[in-house]
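# Residue-level structure breakdown
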Amino acid sequence: MAERKVAWKARKDNTLIGQDIPRLDGVDKASGSAKYAADINTAGTLYARLLTFKGGAAVIKALDVAAAEKTPGVRAVHVFNGVDKEVRWDGTIVAAVAADTPEQAEDGVRAIKVTYEAKPHFVDEEDLPGAAKAKRTKPLGDNQKGDVAAALKAAKHVHKGYYGVATISHMCLEPHGSHCEWEGKDKLNVHLSTQNVSGTGGQFAGPLGLDASNVSITCNYIGGGFGSKFAADQWGVVCAQLAKKAGKPVRLMLDRATELKIGGTRPSGFAEVTIAADADGNITVWDSHHWGTSGIAGSTIALSQTPYCFDGIPNRNRKATGISTNCGPNRAWRAPPHPQLCAITDTVVDDLAAKMGADSYDIFMKNLDKTPKPDVYAEEMKIGAKLIDWKAKWHAHGKGGKGPVKRGLGMAIHRWGGRAGATTCTVKIHPDGAVETFLGSQDLGTGTRTVIAITLAETFGLGVRDVKVNIGNNSYPKANPSGGSITVGGVSGPLRRAGLEALWKIYDLVAAKYKVKADSLSAKGGKILSAGKTVCSWKQACGLLGPMPLEVQGQGPKNDGLTSQGVAGVQMADVSVDTETGIVRINKLVAVQDCGLIIDELTARSQVSGGLIMGIAYALSEERIMDNRTGRFINADLENYKLPRIGDIGELVVEMYQPDSEYERGVVGLGEPPVISTGAAISNAVANATGVRVPVLPLTPQRVVEALKGGQA
Amino acid sequence: MRDRDDQDRSGPGFSRRDFLRGSAAAATATAMATQGTEETAAANVKANVFAAAAQNVTLNVNGKDHTVKVEPRVTLLHVLRNDLNLTGCKEVDERSADGADTVMIDGKAVLAGSRLAIECEGKKILTVESLRSGEKVDEVISGFVKHDAMQCGFCTPGFVVATRVFLNKNPKASLAEIRKGLGGNICRCGTYQGITQCALELAKGGK
Amino acid sequence: MRPFEYARPQSEGEALDLLNDHDANTAILAGGTDLISLLQEDLQVPQRVVDIKNVDSMQAITADGTGVIVGALTTLEDIAEHPMLADYRSLLDVVDGTRSIQVQSMGTLGGDLCHLPNCWYFRNGYGLLGLEDGESLVASGDNRYHAVLGNQGPAKFVSASRFAPALIAWGAEVRVIGPEPTADEWLPLEQFFVTPKVQSQGISVLEPGQMISHVRLPDAQALVSSTYEVLQLEGLDWPLASAAATLDLDGGVVREARIVMGHVAPTPWTAHEAGQSLVGLPVDEETAGRAGEIAVAEATPLSGNAYKVQLARTAVKRALLGAVDKLEGAL
């Protein structure tokens, strides 16, 4: 018998993989039937509300919850931070109240008496001298490669500039939170809004003194995470404590302002950069100092990947300074910290091109030899240029038209890993032909549930709906947390392995029963075929299992070629800038993205267009705004924390880069990459349109108008 | 430092009265508090006044009357989600700037978080759940699925209702009209492309 | 929200009666797009909420021979669709700029005129003037969205009303009723708004127990108008600056021009001299541009909002050009 080898089918043999397949839970989501943690209403559920600190920093001098406990409807009060505790950023939770109705919980919160003693705070993350004066800075590394001074002397073109990107919040539409219900004294059932179904049970068990085996975590749907929902969080544990105290289930979700303030932020980065090139435009020098904040911990974006993607620049100085601010702490934000790195690297490269009077496309192309994947970038750039009509539309920087509205083009490049995460799955085939799988994974909206079904359906020659997908519970085999684009590879590898193992067992049974060679068999269209001819139906084949179902475990990752890692991507932007109002509108964005073997092209494209739109958000409108005097995050509501609306996206063109060489690489994750270079591409397009670099993202009317007043690129 | 929470959350607060006439109200706050009970009792004699206490409110939701016992301060959104378990409408922002709480009231797109439940007595309220009956779904729902106009899905029901109402009113809407009409809803995952395609396809269908 | 009574009057008189109980510590509920969030944040703490949506007399749009009387409960959607308002283009421009079918269905004209500022210091609990320990947080803090005109006193927020500039440029009057059930008075809308010196003054002349019942627009005749709002987002968003213009033209030459800016000062800001500068001239890029310059000549930007001066100047220019259908090349 021929060797049975784990592999994906030949590309041409797929009937489902690589097609546009609508997500399996689409109707449930669109019709409101899908239940999120925020929607769980078991009988007697209480509602929690939070008392939060509103200021920069303080010590709690007095806290009296007696009146809250006596408030009608209030069943339990929990103090997060009591007397003498220091609260160090706006939005810090002081206490939580659980009551029969949300309104009564609010009454309880109002009844809490708290006295603070103010402490000095510092929140101006862009102000490096101010931070130094306030003793809030710390060095985060400084290293050299080559000889920058000598190379600068030898360089033909030198550009020096200031760049930056503001802090943003994850701003999940479903706030962080959970619904906790005790079953007796020792068993806790948690509906948690989480990216980490398999890994959060212990985080409840430890502080609550439970056996981890007695904590059930369920998350069938999650309303956004973007890297901010890996943990049980203190408020999750407190939800369980309130439920225990009250003897009733409790739902505790952060309110919007608190979600914005403490639910996770992406660190800011501001940089002074010198770049230089030889007469041909080969970049020879990078010299940067960047700073920013991640909150009180005082970190900023990583030094080690500066300059972004162009690792091969021969002469390089780089230095980073962290600023400790009284601001809500950072969490991983989609592709940490690539978007910021890209925004302070590819803008600099573009300004160098402008200084040279060169076409930005040519300068990027010329310097691809300094990147990890020059060939892929080059191909993707050519495709992108066609899609955006670069050659016809390109003009020199600042020649964007005569009227007040200027038009321009910009581009940027990015990379990501996307290796497979560690996941185990169980595949179960019932004697009646029913197929189901169990894994403690989660579908963040990326389409994981659908990818799982497609993988098994393709393997067994069934329809997508013939596979029952059981995810979202920690009693299932453990799956990787969904972060870092490791999930699609994480789940599809083990499923394919387990699926093939199960299929081969069924082939052996069919071979014995029908007297055909096992290695002549294939599964297609609900049938088992031998050399193209029907042997039996899938149901008949499964009937050969006898009374017991067949159960196979799949593991991953493995080095068997099902998955790999490493993507490059190119994005191009065509924008218009109203120079009289500073308003920037997107005409068109093009994303060319590789990601190995694509399982569901429809949801893959959605990931990319979604990345572009999140990119438009941080490029043009969203930012955390801190008030220096009060220390407060003053735009923590959705009227003032500005996110793009449906009219703000222009035309989005998503091109999945899919030569056979990509298919042969196996599955690579896609979640992070498409959000990375959008900001830099848009900023470059604005610079091309106006001839002026607007240094800091987002490019609000204020920043654009001020930069145009300054007048210099 | 002043105690911000104390000022925000307790005491007489920042009433319309303070706002309009100044210190007089604040000075008499204590007196008012004691008067409150008597006054409330007196006020209840007036027609069309409902006390600041839980009372029966009957709402016609998805074609059925439901009577719930709630205070006047309870929003329609809370009644739908917490009392009637119709959780398709979502609570996203206290300022209701996001549209995830969109429901239909007498055929209009309304933010359930900006309506008191008691205000909605006698109105025909339809939630997103009314657009599905078993496997049978409104074409807006199937269009959202076809165009993958969703990711995490949390904003999706609100967008579906807004799109349904928008298309009822603008059955042949252009791209520009769609972009303006649906500007009251926020998606964080970035699904606007699919929503636009869905709405455009249904509008071209000329329904 | 704190507990409150709820009242559902059927007439103006009944509404006023109900508003004046509890020493007039009451709140008016119409579309709910502002009040509910004020209640959620404890920014208003009324003892009674008076829901006026069932007062029929305030719903209607009628003509009285000298103009159009618009009920305060008229929604944005009604404004856009009513044939009697079709000639008041500057009002339709505002509806068009409010890119949310929800707000268009719910929001009312009266609610827009009484909408409290979006100032983040106010919304975060520092009062209408944004004070802490008697000092202006606005002046020392982040004032990117604040006033560039009329901001020398303690009030530095910007008027939130999107319709007021257009209405004032049309010479609209407003009918204020109460506090006595029979009291009513028409006054020019321009006189309705006040710049408070102390928080208790509020944003308008309304006293406790009073409300707006109607707005009267003079006959549109052959006048032309336009509103230009500078909107950062294409969707629901607050204008960064706006301007409305109503022009009386005689063969393409301006006989009279009324220009009012929005979102630049604590009240709608009438630019008299800018309007006068156009008299006897055609409206074109040059004259409109100059009117824009004049409109902002007295601007006193705060530490971080000088850019708004340019936005206001541009809004004026574009509103004028829009009124004569000469606006092109704007985003």
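Just so we're clear, the structure is a prediction, and the values are computed from it rather than from any experiment. (Residues numbered from 1 in each chain as written. Chains lettered and ligands numbered in written order. Predicted model: local features only at pLDDT ≥ 70, side-chain atom pairs only at ≥ 80, totals over all residues. Heavy atoms only, no water.)

## Points about the overall build of chain C
Formally: Secondary structure elements follow DSSP: runs of H or I of four or more residues count as helices, runs of E of two or more count as strands, with numbering from the N terminus. Based on C-alpha atoms, the radius of gyration is set beside the globule rule, defined as 2.2 Å times the residue count to the power 0.38. Per-residue accessibility, obtained with a 1.4 Å probe over protein chains only, is compared with the maximum for each type, and a residue is labelled buried under 20%, exposed over 50%, and partly exposed between these values. In what follows, residue pairs with any heavy atoms lying within 4.5 Å of each other are defined as contacts. Surface exposure here means Shrake-Rupley accessible area, sampled with a 1.4 Å probe, where a residue is shielded only by the protein chains that are shown. Positive: Lys, Arg. Negative: Asp, Glu. His and the chain ends are not part of the count. To locate a charge, take NZ of a lysine, CZ of an arginine, CG of an aspartate or CD of a glutamate.
For chain C, the helix and strand inventory stands at 12 helices and 14 strands. Relative to the globule expectation of 20 Å for 331 residues, the C-alpha radius of gyration of chain C, 19 Å, shows essentially globular dimensions. Taken along the three principal axes of its C-alpha coordinates, chain C extends 55 × 50 × 30 Å. The burial tally for chain C puts 66% of its 331 residues in the buried class. In chain C, once contacts between residues fewer than 6 apart in sequence are set aside, the share between residues at least 24 apart is 65%. Within the structure as shown, chain C displays about 10,300 Å² of accessible surface, and the carbon and sulfur contribution to it stands at 49%. Across chain C, 21 positive and 44 negative side-chain charges occur, with their mean positions spaced 5 Å apart.

## Some details on the overall build of chain A
Helix and strand counts for chain A come out as 20 helices and 29 strands. Relative to its length of 713 residues, chain A is compact, with a C-alpha radius of gyration of 28 Å against a globular reference of 27 Å. For chain A, the C-alpha atoms occupy an extent of roughly 80 × 70 × 45 Å along the three principal directions. Relative to its full complement of 713 residues, chain A shows a buried share of 67%. Once local pairs closer than 6 in sequence are excluded, the contacts in chain A between residues at least 24 apart make up 80%. Roughly 22,700 Å² of accessible area belongs to chain A as shown, and the carbon and sulfur atoms make up 51% of that amount.

## Things to note about the interface of chain A and chain B
Note the following rule: Here the quantity called buried area is the total loss of accessible area, with a 1.4 Å probe, experienced by two parts when brought into contact, counted for both. Every case where a carboxyl oxygen of Asp or Glu lies within 4 Å of a side-chain nitrogen of Lys or Arg is listed as a salt bridge. The definition of a polar contact used here is a pair of N or O atoms within 3.5 Å, where within protein one atom must be able to donate a hydrogen and the other to accept one, and adjacent residues in sequence count solely through side-chain atom pairs.
Tallying the contact residues gives 74 residues for chain A and 59 residues for chain B. Summed over both sides, the interface between chain A and chain B buries roughly 5,500 Å², with carbon and sulfur atoms accounting for 52% of that surface. Contact with chain B buries area across many residues of chain A, yet L173(A), R645(A) and I646(A) alone supply 15% of it, more than any other trio. Across the pair R23(A) and D148(B) runs a salt bridge whose closest N-O atoms are separated by 2.6 Å. At the junction of chain A and chain B, the tally comes to 36 residue pairs in polar contact (both at pLDDT 80 or more).

## Some details on the sheet that holds strand 13 (residues 253-262) of chain C
Backbone-to-backbone hydrogen bonds join strands into a sheet, with any given pair of strands oriented parallel or antiparallel. All names here are of chain C. Formally: Paired strands, as defined in this entry, are two strands with at least two bridges between them according to DSSP.
Across the sheet, 4 strands lie side by side as 11-12-13-14; this open sheet has antiparallel pairing. For this open sheet the edge positions go to strand 11 (224-230) and strand 14 (269-270), each flanked by a neighbour on one side alone. Pairing of strand 11 with strand 12 (residues 241-250), which is carried by 7 bridges, proceeds in the antiparallel orientation. Of the residues in strand 12, the one forming a bridge with S225 is T246.

## Considerations on the domain arrangement of chain A
The figure often quoted for interface size is the accessible area lost as the parts come together. Residue and element names in this part refer to chain A. We count it as follows: Domains are outlined according to an automatic or database domain assignment.
Once the domains are mapped, chain A shows domain 1 (11-34 + 420-556), domain 2 (37-119 + 176-253) and domain 3 (265-418 + 564-710). For domain 1 versus domain 3, the separation of C-alpha centres amounts to 38 Å. Taken together, the two surfaces of domain 1 and domain 3 that pack against each other cover about 1,700 Å², and 50% of this comes from carbon and sulfur. Three residues stand out in domain 1 for area buried against domain 3, namely R11, D20 and S485, and they jointly supply 37% of the buried area on that side. At the surface where domain 1 touches domain 3, the tally comes to 2 salt bridges. A salt bridge links D20 to R605; the shortest N-O distance between them is 2.9 Å.

## A word on the pairing of strand 22 (residues 521-524) of chain A
Note on strand geometry: in a regular strand, side chains alternate between the two faces of the sheet. All names here are of chain A. Where burial is concerned, the two faces of strand 22 differ: the one with L521 and A523 is buried and the one with S522 and K524 is not. The pairing of strand 22 with strand 23 (residues 527-530) spans 4 bridges and is classified as antiparallel. Within the sheet, the bridge partner assigned to S522 lies in strand 23 and is L529.

## Focus: the interface of chain C and chain B
In this complex, chain C contributes 69 residues to the contact, which on the side of chain B involves 59 residues. Summing both sides of the interface, chain C and chain B together bury roughly 5,500 Å²; the carbon and sulfur share of this comes to 50%. The largest per-residue losses of area from chain C upon contact with chain B belong to Y6(C), I101(C) and Q102(C), which jointly make up 12% of the total buried on that side. Inspection of the region where chain C meets chain B yields 8 salt bridges. Here D17(C) makes a salt bridge to K46(B), at a shortest N to O gap of 3.2 Å.

## Observations concerning the nonpolar core
Heads up, the condition is: To qualify as a nonpolar core, a set must consist of buried Ala, Val, Leu, Ile, Met, Phe, Trp, Tyr and Cys residues joined through side-chain atoms within 4.5 Å.
Ranked by size, the top nonpolar core spans 146 residues in total, and within it I682(A) and F144(B) carry the most contacts. Residue contributions to this core peak at 10 residues, all from helix 17 (residues 601-620) of chain A. I682(A) has contacts with A573(A), V575(A), I586(A), L589(A), I616(A), A619(A), L620(A) and L699(A), leaving out every residue within four places of it along the chain. I583(A), A245(C), V316(C) and A319(C) belong to the second largest nonpolar core, which has 56 residues in total.

## Quick word on the environment of T15(A)
All names here are of chain A. Assignment of secondary structure puts T15 in the segment before helix 1 (26-30). Judged by its relative accessible area of 43%, T15 falls in the partly exposed class. Note: C-alpha distance between T15 and K145 (130 residues apart in sequence) is 51 Å. When residues no more than four places from it in sequence are discounted, the contact partners of T15 are E458 and K524.

## Considerations on the pattern of salt bridges
Taken as a whole and assessed by the stated rule, the structure comprises 80 salt bridges over all chains. A salt bridge links D648(A) to R585(A); its shortest N-O distance comes to 3.8 Å. In this pair, D648(A) sits in the loop between helix 17 and strand 28 (651-657) while R585(A) sits in strand 27 (residues 583-594), placing the two residues 63 residues apart along the sequence. Classification of D648(A) by relative accessible area gives buried; the value is 9%. Among the ionic pairs, E601(A) bridges to R605(A), the shortest N-O distance being 3.5 Å. With E601(A) and R605(A) both in helix 17 and 4 residues apart, the pair spans about one turn of that helix. You can call R605(A) partly exposed: its relative accessible area is 26%. If you follow the salt bridges from partner to partner, you end up with R49(A), E106(A), D107(A), R110(A), E71(B), R73(B), R2(C) and D42(C) in one network.

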